[in-house]
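Each chain, written out:
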Amino acid sequence: MSCFLSNSSLGKKLVMSITGCFLVLFILFHMSMNITAIISPEGYNAICEFLGANWYALAGTLVLAAGVVVHFIYAVVLTLENYKARGSQRYAVTVKEPNVSWASKNMLVLGFIILGGLLIHLFNFWAKMQLVEIMGEHTNSLGFGPADGAALIAYTFSHWYYVVIYLVWFLALWFHLTHGIWSMFQTAGWANDTWYPRLKCIANVVATIVFLGFAAVVIVYFIQSLCPCNGGAC
Amino acid sequence: MNFTLKIWRQKDAKSKGGFETYKVENISADTSFLEMLDILNNNLVHEGKEPVAFDHDCREGICGMCSLHINGLAHGPGQGATTCQIYMRKFRDGETITIEPWRSAAFPVIKDLVVNRGAYDRILQAGGFVSVRTNSVPDANAIPIPKADADESMDAAACIGCGACAATCKNGSAMLFVAARVSSLAKLPQGRVEGARRAKAMVAKMDELGFGNCTNTGACQAECPKSISIAHIARLNREFLSAKFED
């Protein structure tokens, strides 16, 4: 059985589907956690404190990293195989087929944008929070405590270029999810003509909720940074 | 109607091909696309030139032989139709029409617009059949089959194996073809018996022949001349995965 997950085309796609599902669930959890930062910065910091570098957070981080790595490696392997299967001679004329979404044909490119955004995000947050705790230090390079997530958010999104980068990142994620979410059901075999419109609707709704949830934090903190009085009380 | 045709010419499988331009004039709007190519070939023969090689047989949309990529679309403009069912009224007078063979590593060009689609035959040989004793023909109603199942099976069985799915897919995937064959038998009690073995064998052969991996773009469904749904791909995934997990 382990063999078909790495040797067969449908097995490899199942791995993409399962890791994709896991990452979607993580993203929903992360987004819910982020929204707390708008409602209550203290509450958000309490969550940061609860997670920190505790064993369960470290185990979760490792599983999550494994999910991202497997999803990425399988995507690259599948795309290389597909490139080879397409052949060296390409069509001179191509047209967009009806009802074929742009995202479905550009999942790898979107994946690279998402990965790039993830690396920036790890540098901005993970390296200044959990990594600082793992290293046994009490303040990060910006002088904040490793559990002071709200201050770090406020600092990061006071820079307009990070606001732009993160919004582009979320947009790429939106496109990726609009195809990825319904596609994971199709790959697992849980789809039919009745359910396609429903699954695509669910995919669009979830992708939009994820985009709005993440973007709200970025925009709210950016607007607060524009206010001369601290804390957005004005 | 007058047309300028940009047609892929290739002497044989090993030669390097290229586009050549031809003019055809006074073509009736009710001429079929293949008849228009017949007229072109007739002119070429009269001029002492090599006619354009292209596949065709029944010319009524059921044999799956015609296989042209016309103006960027498998089987040309219009959905749910093969190349032989396309008429010149679908094009504008004076239009330049680009005609290419299927492009897929598993379908090598033999000559001009003719490709070798033997890979599909080999996938079928791997499991696209029902093993039965060849006694006398049984009564048609001996095994009751629900109407919905029979309809779904027939929808899948409409596949003519033309290769448009793999030729259209950006991944060169043959999933719609394999799915249609697996699905048409899986929905019937006679085919159900060998369902697990069939799905595994046909997918293994498809992978072995170098077809790509399906990424669910749905382009195959859009270009299939028989409008076969990707719901059959979902069924193939189900059949294959449950067979593998049962191993």
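The structure contained in this document is the topic of the report that follows. Since the model is a prediction, treat every value here as computed from it, not as a measurement.

Things to note about the overall build of chain B
- For chain B, the count of helices and strands is nine helices and seven strands.
- Each principal axis of the C-alpha distribution contributes one length, and for chain B these read about 60 × 35 × 35 Å.
- In chain B, which comprises 247 residues, the proportion classed as buried is 47%.
- Sequence-distant contacts, at least 24 apart, represent 69% of the contacts inside chain B between residues at least 6 apart.

Focus on the interface of chain A and chain B
- The partner chain B presents 39 residues to the 37 residues of chain A that form the contact.
- Going through the elements one at a time, helix H2 (9-39), helix H4 (55-86), helix H5 (102-105) and helix H9 (160-188) of chain A are the ones with two or more residues in the side of chain A that touches chain B.
- Per-element accounting of the side of chain A that touches chain B gives the leading share, six residues, to H4 of chain A.
- Grouping the constituent residues of the side of chain A that touches chain B by class yields 15 nonpolar, 13 polar and nine charged.

Details of the nonpolar core
- Counting 87 residues, the largest nonpolar core has Cys-165, Ala-166, Ala-174, Leu-176, Phe-177 and Val-178 of chain B as its most contacted members.
- For this core, the element with the highest residue contribution is H9 of chain A, accounting for twelve residues.
- Two domains each donate at least three residues to this core, and these are domain 1 (3-111) and domain 2 (117-246) of chain B.
- If we ignore the near neighbours within four places in the chain, the residues touching Ala-166 of chain B are Ser-104, Ala-106, Phe-107, Gly-172, Ser-173, Ala-174, Phe-177 and Phe-211 of chain B.
- Met-65, Cys-84, Ile-86 and Ile-97 of chain B belong to the second-largest nonpolar core, a separate cluster that totals 17 residues.

Concerning the environment of Gly-163 of chain B
- Within the fold, Gly-163 of chain B resides in the loop between helix H3 (147-157) and helix H4 (164-168).
- When residues no more than four places from it in sequence are discounted, the contact partners of Gly-163 of chain B are Ser-67, Trp-102, Phe-107, Arg-117 and Tyr-120 of chain B.

How each quantity is defined
Residues numbered from 1 in each chain as written. Chains lettered and ligands numbered in written order. Predicted model: local features only at pLDDT ≥ 70, side-chain atom pairs only at ≥ 80, totals over all residues. Helix = DSSP H or I, 4+ residues; strand = E, 2+ residues; numbered from the N terminus. Buried ≥ 20, exposed ≤ 12 C-beta atoms within 10 Å, placed from the backbone. Contact = placed C-beta atoms within 7 Å. Nonpolar A, V, L, I, M, F, W, Y, C, P; charged D, E, K, R; others polar. Core = buried A, V, L, I, M, F, W, Y, C linked by C-beta atoms within 7 Å. Domains from an automatic or database assignment.

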